[in-house]
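The primary structure of each chain is shown beneath.
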Amino acid sequence: MVKVRKQRQKKSYNYAANRKRMNKKQTRDGKIKCPEAKGAWEKSRTVSKNFKNMGLSSDPNAAIPIRKSQKQRVEVLKKSLQSRDIPKDVVSNALEAGTRRRGRRWLHQRGHVAKELEENANAPRESGFRYSKGQVTLISYYLDKYKLNYKAMVRDRKNYEQETWKQLRRKIRKFLSIQEHVDGYLKSRGLERLSLEEEDTDSD
């Protein structure tokens, strides 16, 4: 019986491979990129126990049980957000600093990790969004000619993309919220302050 081509090929030993490094790579658990979790992680414990000690949940389905209807799920989520209570499946006392004894071993509670993650998530962050040079030139042209009259900008010949006045308003408001663009606009025009007043266009 004729064998498959792969079976007929002679298997050769790869002498160039570093098997010690390959074995380490296969047995490695991976790097923890989160600094808060990395500092509180215990290598001797399992993933689920580490998450419990930190006041987190490794399984979202167990942390927030599925209700019968969508309305009940929404009500449970609203109540938990208002009261900021942790579900029963997640360890309730994990947010309290301290230790708890179980037999001869001590479980170190690291509830501060959940608080640090929440504070980090709620911290204000500066947006890295910037307009291109072409967009900056076009918006500067609109501001010079029409100030904040968005409906007049719509009829301008340079409105090649045929943007509506609401789209132009959103674009210019974003432009004015970026301090770097505003400083460049004032410097190029030799102005110290930008005094612009929007017209009431919503009533039209």
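Bear in mind the structure is a predicted one, so any value in this text is a computation, not a measurement.

Engineer: So what exactly am I meant to see when it comes to the packing of helix H8 (residues 133-146) against helix H11 (residues 179-189) here?
Structural biologist: Each pair of packed helices gets described by two things: the angle between the helix axes and the distance between those axes. Between H8 and H11, whose axes approach to 11 Å, the crossing angle comes to 60 degrees. Considering their axes alone, H8 and H11 lie oblique with respect to each other. The chirality of how H8 crosses H11 is right-handed. Listed contacts from H11 to Val136, Ser140, Leu143 and Asp144 of H8 are His181, Tyr185 and Arg189. Class assignment of the residues belonging to the contact of H8 with H11 gives a composition of three nonpolar, two polar and two charged.

Engineer: Would you explain the packing of helix H10 (residues 165-177) against H11 in this entry?
Structural biologist: Viewed as axis vectors pointing N to C, H10 and H11 meet at an angle of 85 degrees, and their least axial separation amounts to 5 Å. Accordingly, the angle class assigned to the pair H10 and H11 is roughly perpendicular. Across the interface between the two elements, Phe175, Leu176 and Ser177 of H10 pack against Gln179, His181, Val182 and Tyr185 of H11. Split by residue class, the contact of H10 with H11 holds four nonpolar, three polar and no charged.

Engineer: Just checking my understanding: could you explain the nonpolar core for this structure?
Structural biologist: Soluble globular proteins tend to bury their nonpolar side chains together. In terms of nonpolar packing, the biggest core is built from 17 residues, with Ile139, Tyr142, Leu143, Tyr150, Met153, Ile172 and Phe175 touching the most fellow members. The set of elements that each furnish at least two residues to this core consists of H8, helix H9 (150-154), H10 and H11. The element contributing the most residues to this core is H8, with five residues. Among all residues touching Leu143, those that are not within four sequence positions of it are Leu148, Ile172, Phe175, Leu176, Tyr185 and Leu196.

What counts and how
- Residues numbered from 1 in each chain as written.
- Predicted model: local features only at pLDDT ≥ 70, side-chain atom pairs only at ≥ 80, totals over all residues.
- Heavy atoms only, no water.
- Axes fitted to C-alpha atoms, helices over the stretch in contact; angles between N-to-C directions.
- Helix = DSSP H or I, 4+ residues; strand = E, 2+ residues; numbered from the N terminus.
- Parallel < 35°, antiparallel > 145°, perpendicular 65-115°, else oblique.
- Left-handed = near helix turned anticlockwise from the far one by under 90°.
- Contact = heavy atoms within 4.5 Å.
- Nonpolar A, V, L, I, M, F, W, Y, C, P; charged D, E, K, R; others polar.
- Core = buried A, V, L, I, M, F, W, Y, C linked by side-chain atoms within 4.5 Å.
- Buried < 20%, exposed > 50% of the residue type's maximum accessible area, 1.4 Å probe, protein only.

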